[in-house]
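# Descriptive analysis of the structure
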Amino acid sequence: VARANKLICNIDLVTDNSLTTAERAQYKAEAMIFRAMVMFDMVRLWGDFPVITTVADDITSENIEDVYEQYFPAQNTELEAYQQIEKDLLAAIQHAPDNTAGNKTLFTKSVARTLLAKIYAEKPLRDYSKVIRYCDEVKADGFELVKDFSDLFGRDLVNWNNNFTWAKWVTPSRDLINAFKKEGDQIRFQESVVYYDCNWSNYYPSDNYPFMYKCRSANSSIIKYRYADVLLLKAEALIMQDTPDLEAAAKIIDEVRERAGLGELSSSVRKDRDAMITALLNERRLELAFEGQRWFDLV
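Residues numbered from 1 in each chain as written. Predicted model: local features only at pLDDT ≥ 70, side-chain atom pairs only at ≥ 80, totals over all residues. Heavy atoms only, no water.

Residues Ile-59, Ile-64, Tyr-68, Tyr-71 and Phe-72 make up a contiguous nonpolar surface patch of roughly 530 Å² in combined accessible area. Assignment of secondary structure puts Phe-72 in the loop between α3 (64-71) and α4 (78-92). (Patch = residues over 30% accessible without salt bridge, like charges linked within 9 Å, V, L, I, M, F, W, Y side chains within 5 Å. Areas by Shrake-Rupley, 256 points an atom, 1.4 Å probe, with all protein chains shown as cover. Salt bridge = Lys/Arg side-chain N within 4 Å of Asp/Glu carboxyl O. Helix = DSSP H or I, 4+ residues; strand = E, 2+ residues; numbered from the N terminus.)

Here Ile-277 is to be found in helix α12 (residues 273-287). Look at Ile-277 and you get partly exposed, because its relative accessible area is 24%. On a C-alpha basis, the gap between Ile-277 and Glu-247 in space is 13 Å, while along the polypeptide they are 30 residues apart. Sequence-distant contacts of Ile-277, that is, excluding residues within four places in its chain, are made with Ile-239 and Met-240. (Buried < 20%, exposed > 50% of the residue type's maximum accessible area, 1.4 Å probe, protein only. Contact = heavy atoms within 4.5 Å.)

Once that is clear, we can look at the environment of Pro-172. Within the fold, Pro-172 resides in the loop between α6 (128-140) and α7 (174-183). The exposure class assigned to Pro-172 is buried, which follows from its relative accessible area of 2%. With sequence-adjacent residues up to four places away left out, Pro-172 is seen in contact with Ile-177, Val-193, Tyr-204, Pro-210, Phe-211, Met-212 and Phe-290.

The next point concerns the packing of helix α2 (residues 21-46) against helix α5 (residues 109-119). Running from amino to carboxyl end, α2 crosses α5 at an angle of 30°, the nearest separation of the two axes being 10 Å. The orientation of α2 with respect to α5, classified from their angle, is roughly parallel. For the crossing formed where α2 meets α5, the hand is left-handed. Between α2, through Ile-33, Met-37 and Phe-40, and α5, the contact on the second element is made entirely by Val-111, Ala-112, Leu-115, Lys-118 and Ile-119. Each residue belonging to the contact of α2 with α5 can be placed in one class, and the counts come to seven nonpolar, no polar and one charged. (Axes fitted to C-alpha atoms, helices over the stretch in contact; angles between N-to-C directions. Parallel < 35°, antiparallel > 145°, perpendicular 65-115°, else oblique. Left-handed = near helix turned anticlockwise from the far one by under 90°. Nonpolar A, V, L, I, M, F, W, Y, C, P; charged D, E, K, R; others polar.)

Two measures describe an aromatic ring pair: the distance that separates the ring centres and the angle between the ring planes. Counted according to the given criterion, the structure contains 13 aromatic pairs. Connected via pairs of aromatic rings, a cluster forms that spans Tyr-196, Trp-200, Tyr-204, Tyr-209 and Phe-211. Here Arg-44 stacks its cationic end above the ring of Phe-296, 3.8 Å away from the centre of that ring. A cation sits over an aromatic face here: Arg-174 above Tyr-204, 4.3 Å from the ring centre. (Phe/Tyr/Trp six-rings, centres within 6.5 Å; stacked < 30°, edge-to-face > 60°. Lys NZ or Arg CZ within 6 Å of the ring centre and 35° of its normal.)

Mapped onto the elements, Glu-287 comes out in helix α12. The buried category is assigned to Glu-287, whose relative accessible area is 0%. Looking at Glu-287, its side chain comes within polar contact range of the side chain of Arg-259, at 2.7 Å. Setting aside its immediate chain neighbours within four residues, Glu-287 contacts Phe-149, Arg-188, Lys-214, Arg-226, Ala-228, Leu-232, Val-256 and Arg-259. (Polar contact = N/O pair within 3.5 Å; in protein donor to acceptor, adjacent residues only side chain to side chain.)

This paragraph deals with the nonpolar core. What tends to happen in soluble globular proteins is that the nonpolar side chains get buried as a cluster. By size, the foremost hydrophobic cluster in this structure holds 58 residues, and its most contacted members are Ile-33, Ile-85, Leu-89, Ile-119, Val-131 and Met-276. In this structure Ile-119 touches Phe-40, Tyr-82, Ile-85, Glu-86, Leu-89 and Leu-125, once residues within four positions along its chain are discounted. (Core = buried A, V, L, I, M, F, W, Y, C linked by side-chain atoms within 4.5 Å.)

Mapped onto the secondary structure, Glu-236 falls in helix α9 (residues 227-240). Not counting the four nearest positions on each side in its chain, Glu-236 is found in contact with Tyr-128 and Leu-280.

On to the pairing of strand β2 (residues 209-212). The side-chain alternation of β2 yields two buried faces, one formed by Tyr-209 and Phe-211 and the other by Pro-210 and Met-212. Note: strand β1 (residues 193-196) against β2, four bridges, orientation antiparallel. Looking at β2, one finds that Val-193 is bridged to Met-212. (Pairing = 2+ DSSP bridges.)

Under the definition given, this model contains 25 salt bridges. When the shortest N-O distance is used, the salt bridge between Lys-109 and Asp-98 registers 3.5 Å. Linking Lys-109 in helix α5 with Asp-98 in the loop between α4 and α5, this pair joins segments that are 11 residues apart in sequence. Judged by relative accessible area, Lys-109 falls into the buried class, the value being 15%.

Axis separation between α6 and α9 bottoms out at 9 Å; the angle between their running directions is 150°. It follows from the interaxial angle that α6 and α9 lie roughly antiparallel. Handedness of the α6/α9 crossing: left-handed. Residues Tyr-128, Val-131, Ile-132, Cys-135, Asp-136, Val-138 and Lys-139 of α6 pack against Tyr-227, Val-230, Leu-233, Lys-234, Glu-236, Ala-237, Leu-238 and Met-240 of α9. In the contact of α6 with α9, the residues fall into 11 nonpolar, no polar and four charged.

When the terminal C-alpha atoms of α6 are compared, their 18 Å separation across 13 residues agrees well with the 18 Å that a helix rising 1.5 Å per residue should span. Of all the residues in α6, the buried ones are Tyr-128, Val-131, Ile-132, Tyr-134, Cys-135 and Val-138. Packing partners of the buried residues in α6 comprise α4, α5 and α9. (Expected span 1.5 Å × (residues − 1).)

Function-wise, these values are silent; they only describe arrangement.
See below:
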């Protein structure tokens, strides 16, 4: 947040004339999206926290009493944090770059729209019509599911024969493994869990020990947001809005399931709101396993 604040607060003060007005606006917009992303993690983890959008003055022996409060500010409420996140994202969309298929590192309009969809699903700002709107806008930006789920998570190219025999490398629960098996979800299971022969045993037999497989090495990129998350978020909004559209939600869940080689939801599930909520949570659990989503879904 502090690094983003430095850019946001100071970029217009840069005197280099080669830095155009459009570039300044774009860089500021990307920094605002980055700040919103970090604050979204903070507010979901902690609730109230100090929402800081300025750069503190340097401390000297002469001014320490004057700047003390800048370094030890009071906490803001959870709602105030969400309102700042919303403000940043809505402002950033105006000048952020468009989605670029060849560069996934940019903080684009699509990232801002994804974050807006996610914050409007949260209780302090909850507005399911806006969740649906921004999910649809992400789709309109040209996103679609990668056809092969295994293409999302590459091997460790630094050492292709690397394995996961470190005891702390995220041990999958028996409950999660059983959830994959109960669903017959072999495609996502083999990309999420890998077994190795270890010389120790904490929770499973040493000759067949399961490990998390989404991050293949210390060099793996962490996928912060995926289009499947956006799709399932829209399905949630369709289920949870005042007038549910269960069939539309079921078709979205079916789209995600189809890539995993699974059949459509049953007619009995599609007609029952509670059953659809359970189906949605289960689908998110299997699709997004080990990607830092499950705890927040349950909350």
